[in-house]
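Each chain is listed here by its residues.
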Amino acid sequence: MLANVKWVEGDTFVGLSDSGHNVVFDTGSDSAAPSPMEMVLMSAGCCSSVDVVSILKKSKQEFTNVEVKLTAERAETAPRVFTKINLHFVVSGRNVSDKHLARAVSLSAEKYCSVALMLDKTVEITHSHEIVETE
């Protein structure tokens, strides 16, 4: 895997992935784009969500939406690494099984999500979930 990050101006950088996709980062107070740490947090949420969606589909759950709400705490001093992250999954649908959702979240956390598993070496990562019944 390869990537390139180029300074644009001020506190703005553009990353180019090996697959040809651009991502804008902003490290300053202008907040023109997410910071690198926000990207790491969102990457953990996306990676885990991919797993949860895939596992729920395989278990034939009738869901219409999957959202993960991420909360994180960082160290007070430099380097301001993450110390805690919680991934809270909110799954909407009809008759979604709590057992199946809990299993999907657990499998992602313990086996499949490479981003969260990498972070788990130094960050306390917790998971929670809820089901929103829809008609």
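Quick note: structure is the one above.
In this report, the structure presented in the accompanying data block is examined. (Residues numbered from 1 in each chain as written. Predicted model: local features only at pLDDT ≥ 70, side-chain atom pairs only at ≥ 80, totals over all residues. Heavy atoms only, no water.)

1. Side note on the packing of aromatic side chains
Aromatic ring pairs are reported here in terms of the distance separating the ring centres and the angle at which the planes meet.
Logical step 1: Using the criterion set out here, one finds zero aromatic pairs in the structure.
Logical step 2: The ring of Phe82 carries the charged tip of Arg74 above its face, separated from the ring centre by 6.0 Å. (Phe/Tyr/Trp six-rings, centres within 6.5 Å; stacked < 30°, edge-to-face > 60°. Lys NZ or Arg CZ within 6 Å of the ring centre and 35° of its normal.)

2. Remarks on the side chain of Ser35
Logical step 1: Along the chain, Ser35 falls in the loop between strand E3 (22-26) and helix H1 (36-58).
Logical step 2: Look past the residues within four positions of Ser35 in its chain and what remains in contact with it is Phe25 and Asp26. (Helix = DSSP H or I, 4+ residues; strand = E, 2+ residues; numbered from the N terminus. Contact = heavy atoms within 4.5 Å.)

3. With respect to the environment of Ser97
Logical step 1: Its location among the elements puts Ser97 in the loop between strand E5 (82-94) and helix H2 (98-112).
Logical step 2: Apart from residues no more than four positions distant in its own chain, Ser97 is found in contact with Gln61 and Ile131.

4. Some remarks on the nonpolar core
Logical step 1: Counting residues in hydrophobic clusters, the biggest one holds 23 residues, and the most contacted among them are Val52, Leu56, Ile85, Leu119 and Ile125.
Logical step 2: Those elements giving two or more residues to this core turn out to be H1, strand E4 (62-74), E5, H2 and helix H3 (114-119).
Logical step 3: In terms of residue count, the dominant contributor to this core is H1 (six residues).
Logical step 4: Among all residues touching Val52, those that are not within four sequence positions of it are Val66, Phe89, Leu101, Ala104, Val105 and Ser108. (Core = buried A, V, L, I, M, F, W, Y, C linked by side-chain atoms within 4.5 Å. Buried < 20%, exposed > 50% of the residue type's maximum accessible area, 1.4 Å probe, protein only.)

5. Here we look at the sheet that holds E3
Logical step 1: Read across the open sheet, the three strands follow the order E1-E2-E3; overall the sheet is antiparallel. In this open sheet, the two strands that pair with only one neighbour each are strand E1 (3-9) and E3. The average undirected angle you get between the axes of adjacent strands in this sheet is 25 degrees.
Logical step 2: Across five bridges, the pairing between strand E2 (residues 12-17) and E3 is antiparallel. Each residue of the ladder has a partner; that of Thr12, found in E3, is Asp26. (Pairing = 2+ DSSP bridges. Axes fitted to C-alpha atoms, helices over the stretch in contact; angles between N-to-C directions.)

6. Section: H1
Logical step 1: When the terminal C-alpha atoms of H1 are compared, their 33 Å separation across 23 residues agrees well with the 33 Å that a helix rising 1.5 Å per residue should span.
Logical step 2: What H1 keeps buried is the set Met39, Leu41, Ala44, Gly45, Cys47, Ser48, Ser49, Asp51, Val52, Ile55 and Leu56.
Logical step 3: Along its buried surface, H1 packs onto E3, E4, E5, H2 and H3.
Logical step 4: Note on H1: the residue one or two positions beyond its end, Lys60, has a positive phi of about 55 degrees. (Expected span 1.5 Å × (residues − 1).)

7. Regarding the sheet that holds strand E6 (residues 124-133)
Logical step 1: Pairing in this open sheet of three strands is mixed, and the strands run E4-E5-E6 from one edge to the other. Looking at strand neighbours, the two that pair on one side only are E4 and E6, the edges of this open sheet. Strand after strand, the sheet turns through a mean of 15 degrees between neighbouring axes, direction not considered.
Logical step 2: In the sheet, E4 pairs with E5 via twelve bridges, with the strands oriented antiparallel.

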